[in-house]
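Examination of the molecular architecture
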Amino acid sequence: MSGGCEPTTSVGTASMAQTITKSRGAREPVTGTALSSRKKRPFLVDIYSTAVGKKYAMAISGIALMGFVLFHMIGNLKMYYGAYELNNYAAFLKELLYPLAPKGAVLWILRGGLLAMLVLHLHAAWSLTVMNRQARPVQYQSPRDYEVANFASRTMRYSGMIVFSFLVWHLLDLTFGVVNTVGTEGEFVREEVYQNVVRSFDRWPVAAFYILANLLLGIHLRHGAWSLFQSLGWNNPRFNAWRWAFATGFSLVVVIGNISFPIAVLAGIVKV
Amino acid sequence: MNQLTNLKLKVWRQAGPETKGHFESYTVDKVSDEASFLEMLDQLNERLISEGKEAIVFDHDCREGICGTCSLMINGRAHGPQRATTTCQLHMRTFKSGDEIVIEPWRAAAFPIIKDLMVDRASFDRIVEAGGFITAPTGGAPDANLILVPKPVADAAMDSAACIGCGACVAACPNGAANLFTGAKISHLNVLPQGQSERYKRAEAMVHAMDDQFGSCTNHGECSAACPKEISLDVIAMMNSDFRKSKSKNRKALSRG
Amino acid sequence: MSTVLNAKVPDGELRDKWDNYKADAKLVNPNNKRKFKVIVVGTGLAGASAAATLAELGYQVDAFTFHDSARRAHSIAAQGGINAAKNYQGDGDSINRLFVDTIKGGDFRSRESNVHRLAQVSVDIIDQMVAQGVPFAREYGGMLDNRSFGGAQVSRTFYARGQTGQQLLLGAYQQLSRQVGLGGVRLFNRTELVDIVVIDGRCSGIVVRDLLTGEITSHAAHAVVMATGGYGNVFFLSTNAMNCNVTAAWRAHRRGAMFANPCYTQIHPTCIPQSDESQSKLTLMSESLRNDGRVWVPKNADDSRSAEQIPESERDYYLERLYPSYGNLAPRDISSRAAKRLVDKGHGVGPLKNGVNLDFSAAIARLGRDVVEERYGNLFQMYERIAGEDPYKTPMRIYPATHYTMGGLWVDYELGTTVPGLYAAGEANFSDHGANRLGASALMQGLADGYFVLPYTISNGLAPLLNKPVPTTDHPAFVQAETEARERFNGYLNIKGTRSPDWFHRELGKIIWDYCGMERTQQGLEKALSELPALYSEFKKDLRVTGTGESINQTLEKAGRVDDFFQLGMLMCRDALDREESCGAHFRSEYQTDDGEALRNDEEFCHVSAYKWTGDPMAAELNKEQLVYETAHLATRSYK
Ligand SMILES: Cc1cc2nc3c(=O)[nH]c(=O)nc-3n(C[C@H](O)[C@H](O)[C@H](O)COP(=O)(O)OP(=O)(O)OC[C@H]3O[C@@H](n4cnc5c(N)ncnc54)[C@H](O)[C@@H]3O)c2cc1C
Ligand code: HEM
Ligand code: SF4
Ligand code: FES
């Protein structure tokens with residue numbers, strides 16, 4: 001109830017609870033919902049605190065990771081020129097910008113950057129997933145009939161997670177040799193990149209996991225490489241049709257390139 | 001005019017916001033195919049009342065597809081199977097005799113269920129209150145033709161402004177995100193010359209209000225597919241870009257474009 | 001016994017009246033404004049614009065709506081457009097011409113001073129709405145586009161595709177939302193007014209029911225604005241939204257506000273005909289379609305060929321034939337009756353033979369499909385969804401349906417009702433449209449009232465009240481009104497009869513449509529007046545409302561609304577019987593010219609009929625406000 005003429009404007013909280021009763025009793029009217037001001041925070045923290053900002057982070061880190069997988073794949077094509085070329089290429093990476101920078105420095109910066117991007121990507125993915133779960137605490141009780149949401153878009157977190165676990169395996173296998181078979185000298189030799197790859201893929205379960213992970217990466221990218229345009233607000237009706245074409249093309253190139261390696265090994269085209 | 005017979009309805013009944021709900025089955029023996037979906041529910045309700053039972057609560061008003069009051073998840077789709085069509089505009093022509101029709105309320109944390117199929121969409125109003133307007137107090141406006149709006153701009157604004165605030169986008173979104181709704185209002189006002197002064201303030205405030213209540217967009221596109229007004233995903237991109245600029249632009253220099 | 005109705009028309013030449021009024025009106029100092037509380041009931045065009053503007057000025061505003069959001073009000077459904085005397089097309093429009101068109105369109109049954117003010121402020125409305133970002137249609141050069149509407153020979157209608165009402169309401173809703181956000185307005189949504197409270201002859205507040213909890217509470221204020229829309233749903237089938245109702249206006253009427261011209265209800269010529277018995281509402285197809293569509297029926301009665309099979313020579317383009325100068329754009333009442341007559345004579349088309357054709361083939365041939373689609377695309381789509389036919393290929397079928405109510409709470413020049421402190425705006429007042437409203441003028445009136453009239457007149461009314469206490473909600477009158485309301489709603493639940501509120505509503509609607517619809521006769525109205533009380537007493541004995549009053553119960557809401565519709569229906573028939581003339585939308589078959597046009601009786605009926613509640617709607621006390629035409633000249637309408 002409200003009486004005569006006392007000022008009634010109150011600073012409300014911007015919650016929708018005002019319009020629905022939680023427990024019986026008079027509902028409060030809605031007012032002053034836009035009065036609470038946000039606290040000022042540094043630009044990046046501020047933007048990252050919102051879902052839209054986190055999608056920017058996902059897209060930017062996604063692009064960095066896309067750059068990595070693309071160049072990683074192109075670099076690995078050296079495999080088809082033989083062991084010398086590939087191992088040389090690996091050595092070249094260590095000497096990037098040498099002698100301007102110390103040996104290995106740039107590579108470590110790149111690795112550090114990639115790792116940061118990966119962490120950012122994962123953190124954003126994780127927190128958005130939590131947010132989305134909270135946005136629909138009670139699921140639909142009858143089956144949904146999706147119209148356009150597809151397998152790729154609905155499995156981003158799963159395809160992403162499998163790609164991630166593959167990544168870990170992949171590093172343990174070929175970078176640290178923890179799970180690789182021993183080299184010529186009886187132990188894992190990091191510099192023998194070519195030999196390591198061939199020995200690894202000769203084990204068909206490894207090849208199969210690799211192929212599967214890459215197919216999932218392709219699926220992840222098929223949605224992701226389109227999605228990033230939206231997330232970054234890159235939208236122009238004149239070019240929009242190309243965004244899908246780009247995503248499809250990009251994921252095909254990466255996947256075909258990558259998958260060709262184990263197949264080539266298993267088919268004996270590439271061998272020690 | 002034909003009759004549909006023997007429709008099997010599974011309707012979500014829930015007594016209040018905090019009670020547990022369940023599906024209740026009803027059979028609609030006969031209904032004209034000219035009837036609208038809501039008229040079919042009206043007839044069922046009349047029957048329930050005559051049986052002394054409580055009528056099914058559902059939101060509706062204009063029944064012309066413009067007020068945005070009707071809702072309903074019909075067979076897993078927001079507003080039912082017909083594209084670009086609100087539930088109230090859906091006609092029984094789209095169904096066949098003997099069909100099973102499952103009807104659920106829209107589900108999202110920001111759309112709490114009031115009763116049965118009725119949900120509270122006031123969270124949308126909070127987004128508009130935050131900034132979905134142009135500050136133009138009554139009385140001070142210049143002559144309307146002083147502000148020239150190129151036709152393509154007016155058309156684009158109108159495309160976005162066509163949103164009826166029904167919430168199908170949120171209901172359909174696997175993440176319960178309201179980006180299409182919010183983006184539509186932002187795009188409507190942000191493309192117009194009149195909306196420029198508050199452009200970035202608006203985007204910022206509305207996105208924050210949206211963020212407080214809804215999920216996040218992962219670009220499934222399900223919202224736009226469910227939207228009865230076919231609002232384009234473009235509005236989301238525009239919102240994202242204006243939001244970023246809202247955080248980075250030097251607003252003291254906005255008039256320089 | 002009859003009250004003298006003082007319309008408080010200011011002095012001076014017609015064109016100076018509004019300026020004179022504003023110059024003389026008392027103002028409230030900005031610092032004092034927040035000492036006043038104003039309640040606005042209804043958040044449609046009229047209510048939202050009034051609430052937002054009053055809050056901007058600094059008054060404390062409480063806004064009430066039974067909708068969940070202000071954006072849902074029925075104004076959202078208006079399609080065609082909004083008039084304004086901008087003369088942007090340079091085709092000879094002017095404030096005076098809009099004034100004359102509106103007076104003439106209303107068949108000389110509206111108040112000159114109000115109509116002239118409406119025409120004057122119409123130009124400000126467009127400026128205001130454009131500044132708010134309403135995306136009106138534009139020419140390629142960026143200037144505003146116009147279309148023409150029935151009853152006018154100039155192009156003065158501004159539009160936003162076929163969704164003008166939506167865009168205007170969203171504009172007003174956004175402005176209101178801004179005030180809600182800033183704390184200037186307290187918004188009570190899903191809250192229905194169930195009574196008003198009058199203490200010492202002044203409206204002191206309202207009693208409302210929370211639709212979600214059934215709780216009944218009171219709210220006191222210095223002034224109350226009713227912007228609660230029209231009562232077209234008394235017909236059951238109408239183009240109004242399902243929840244439109246007369247309750248607010250009717251409850252005000254029962255507390256002393258006079259109800260004017262209830263029988264002036266407009267039938268819109270272009271609606272989609274009823275397709276079956278169970279239909280719950282009718283859908284309007286914007287009148288703007290008549291700009292490019294040609295209306296025809298087969299020359300031969302009972303012609304059952306499809307439209308394409310009927311050759312040009314066997315088609316009767318009857319509007320073009322009967323009204324050559326206005327043709328398909330003849331005013332609504334005239335076009336509606338012409339359609340009804342032909343359908344009654346068996347010329348109707350469609351499966352139930354209950355419509356006439358609205359044919360776009362000529363326009364498509366002349367302009368191309370693209371242009372037609374651009375102009376009317378969404379209407380065509382809507383038609384196809386409802387009727388299941390493609391209007392690009394076969395003509396639309398249309399038929400008249402109830403659409404707008406010119407009658408409403410009687411208001412003076414200040415929009416004050418006969419209860420001091422209670423104002424009425426928008427479709428809820430008896431308004432500026434006389435016996436017939438021209439297309440695209442309701443949006444104009446609603447916004448004029450809310451944005452440009454009420455803010456001035458309310459301050460004039462409030463200024464003398466400064467620092468005088470108003471009653472609080474513990475006053476016995478509030479307590480008693482609350483108790484009555486509680487008893488009323490419990491009463492519906494306790495009847496425990498056999499029929500639903502909808503059933504009664506449908507039956508009520510049939511009687512009103514048959515006897516108080518497009519054509520009325522003494523005999524028919526008397527019949528209605530004998531049938532209505534019987535049905536009403538059955539309603540009171542045999543109503544069944546299931547559920548409880550403690551959580552949302554749409555059946556219970558409906559029961560309260562149907563109750564009020566019954567009482568209003570009786571008053572409507574009584575008024576229609578009383579008005580022994582034909583004017584505008586009120587057509588009494590006994591009073592027509594030889595060629596079937598409305599025959600006015602200016603000698604006896606050039607007045608507003610305002611009814612005062614006496615306890616029995618059929619015995620309401622009739623008061624007359626004589627209408628004086630000083631500038632416009634009483635003339636027979638002719639659209640030939
Ligand atoms: C289909 C259609 C098309 C139209 N097209 C046009 C057109 O092209 N041009 C034109 O000029 N006019 C048109 N009109 C007419 C015009 O839309 C209406 O007359 C006008 O919008 C009415 O506005 P309003 O603000 O008075 O009332 P409404 O918009 O009806 O608003 C009423 C408000 O009152 C509230 N309310 C009602 N009763 C209560 C209560 N008891 N308690 C609390 N709140 C209550 C409601 O919640 C709502 O917010 C059209 C009408 C229809 C039906
Ligand atoms: C490590 C595990 C990973 C997880 C858990 C993961 C998860 C996700 C998720 C949940 C999204 C959001 C989906 C969307 O917005 O549509 C996403 C987007 C994306 N991901 Fe990943 N991802 C992973 C790895 C990768 C890798 C390795 C790449 C690149 C090679 C990549 C590239 C992208 C791109 C480009 C996007 C789109 C960004 C956007 O829409 O803004 N992701 N990822
Ligand atoms: S964007 Fe579409 S689906 Fe979402 S609220 Fe608006 S009209 Fe409804
Ligand atoms: S009831 Fe208005 S949009 Fe469906």
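Residues numbered from 1 in each chain as written. Chains lettered and ligands numbered in written order. Predicted model: local features only at pLDDT ≥ 70, side-chain atom pairs only at ≥ 80, totals over all residues. Heavy atoms only, no water.

Here the focus is the coordination of the iron atom of ligand 2. Residues and elements named next belong to chain A. Within the protein, the iron atom of ligand 2 binds to H121 (NE2) and H220 (NE2); these donor distances fall in the range 2.0 Å. Its six donor atoms give the iron atom of ligand 2 angles of 89 to 180° at the centre, a pattern that matches the octahedral case. Of this pair, H121 sits in helix α4 (residues 105–135) while H220 sits in helix α8 (residues 204–231), and the two are 99 residues apart along the sequence. On the basis of relative accessibility, which here comes to 16%, the residue H121 falls in the buried class. (Donors = N, O, S within 2.8 Å, 3.2 Å for Na, K, Ca; no water. Tetrahedral: all angles 85-135°; square planar, octahedral: opposite > 155°, others 65-115°. Helix = DSSP H or I, 4+ residues; strand = E, 2+ residues; numbered from the N terminus. Buried < 20%, exposed > 50% of the residue type's maximum accessible area, 1.4 Å probe, protein only.)

Looking now at the pairing of strand β5 (residues 100–104) of chain B. Residues and elements named next belong to chain B. Summarising burial for β5: four of the five residues are buried, a large majority. Of the pairings in the sheet, the one linking strand β1 (residues 3–13) to β5 comprises four bridges and is parallel in character. Looking across to β5, one finds that V11 is bridged to I103. The sheet contact formed by strand β3 (residues 73–74) and β5 spans two bridges and is antiparallel. Of the residues in β5, the one forming a bridge with M73 is E104. (Pairing = 2+ DSSP bridges.)

Here we take up the sheet that holds strand β14 (residues 356–359) of chain C. Taken in spatial order, the five strands of this open sheet run β11-β15-β14-β12-β13 (chain C), and their pairing is antiparallel. What marks the edges here is a single partner per strand, and that holds for β11 (265–271) and β13 (315–316) of chain C.

Let us now look at the layout of surface pockets. Looking at the second largest pocket, its volume works out to about 940 Å³. Lining the second largest pocket are 31 residues, with S36, S37 and R38 of chain A together with E204 and A205 of chain B sitting closest to its centre. Sorting the residues of the lining of the second largest pocket by element identifies α1 (43–48) of chain A, α2 (122–131), α6 (199–213) and α8 (234–248) of chain B together with α6 (164–182) of chain C as the ones contributing at least two each. Ranked by residues supplied to the lining of the second largest pocket, first place goes to α6 of chain B with eight residues. A breakdown of the residues in the lining of the second largest pocket according to their chemical character gives nine nonpolar, eight polar and 14 charged. (1 Å grid on protein atoms, 1.4 Å probe; cavity = no way out; pocket = protein on both sides within 12 Å on 5 of 7 lines; lining within 4 Å. Points joined across faces, edges and corners; volume = space filled by probe spheres on them. Nonpolar A, V, L, I, M, F, W, Y, C, P; charged D, E, K, R; others polar.)

This part takes up the packing of aromatic side chains. Here the structure, examined in full by the defined rule, presents 41 aromatic pairs over all chains. Measuring from centroid to centroid gives 6.1 Å for Y536 of chain C and F539 of chain C, while their planes differ by 20°, and the two rings are stacked. With a gap of three residues between them, Y536 of chain C and F539 of chain C both fall in helix α15 (residues 522–542), about one helical turn apart. Between the NZ or CZ atom of K103 of chain A and the centre of the ring of Y98 of chain A, over which it lies, the distance is 5.1 Å. Sitting above the plane of the Y392 of chain C ring, R369 of chain C keeps its charged end 3.8 Å from the centroid. (Phe/Tyr/Trp six-rings, centres within 6.5 Å; stacked < 30°, edge-to-face > 60°. Lys NZ or Arg CZ within 6 Å of the ring centre and 35° of its normal.)

Moving on, we get to the site of ligand 1. Residues and elements named next belong to chain C. In the vicinity of ligand 1, 37 residues are found, and the nearest of them are T65, H74, S75, L193 and E427. In this structure, an oxygen atom belonging to ligand 1 sits 2.9 Å away from a main-chain N or O atom of T43. Here Q79 contributes a backbone N or O atom positioned 3.4 Å from a nitrogen atom of ligand 1. For ligand 1, the accessible surface in isolation is 1000 Å², of which the surrounding protein chains cover 98%. Given that more than half its atoms are within 2 Å of the pocket grid, ligand 1 belongs to the largest cavity. Only α3 (45–57), β6 (191–199), β15 (396–405) and α12 (442–462) provide two or more residues apiece to the shell around ligand 1. With three residues, β6 is the largest single contributor of residues to the shell around ligand 1. (Near = heavy atom within 4 Å. Polar contact = N/O pair within 3.5 Å; in protein donor to acceptor, adjacent residues only side chain to side chain. Areas by Shrake-Rupley, 256 points an atom, 1.4 Å probe, with all protein chains shown as cover. Sits in = over half its atoms within 2 Å of the grid points.)

Residue and element names in this part refer to chain B. As a matter of local geometry, ligand 3 sits amid 13 residues, with C163, C166, G167, C169 and C227 nearest to it. Contributing elements (two or more residues each) for the shell around ligand 3: α4 (168–172) and α5 (179–191). Its residues assigned to classes, the shell around ligand 3 comprises eleven nonpolar, two polar and no charged.

Right, let's talk about the domain arrangement of chain C for a bit. All names here are of chain C. Domain annotation for chain C reports domain 1 (268–402) and domain 2 (477–605). Placing the centre of domain 1 and that of domain 2 at their C-alpha centroids yields a distance of 30 Å. Tallying the contact residues gives 14 residues for domain 1 and eleven residues for domain 2. Taken together, the two surfaces of domain 1 and domain 2 that pack against each other cover about 940 Å², and 48% of this comes from carbon and sulfur. For the domain 1 face of the interface with domain 2, the top three residues by lost area are R337, K340 and R341, together amounting to 52%. (Domains from an automatic or database assignment. Contact = heavy atoms within 4.5 Å. Buried area = accessible area lost by both parts, 1.4 Å probe.)

Attention now moves to the domain arrangement of chain B. Residue and element names in this part refer to chain B. Each domain of chain B was delimited in the assignment, giving domain 1 (3–114) and domain 2 (121–255). Averaged C-alpha coordinates put domain 1 and domain 2 at centres separated by 30 Å. The interface is formed by 19 residues belonging to domain 1 together with 19 residues belonging to domain 2. For the domain 1 face of the interface with domain 2, the top three residues by lost area are A84, A110 and F111, together amounting to 35%. There are one salt bridge connecting domain 1 and domain 2. For the salt bridge of D59 with R121, the shortest nitrogen-to-oxygen distance reads 3.4 Å. Along the contact surface separating domain 1 from domain 2 lie six residue pairs in polar contact (both at pLDDT 80 or more). Here the residues of the side of domain 1 that touches domain 2 sort into ten nonpolar, seven polar and two charged. (Salt bridge = Lys/Arg side-chain N within 4 Å of Asp/Glu carboxyl O.)

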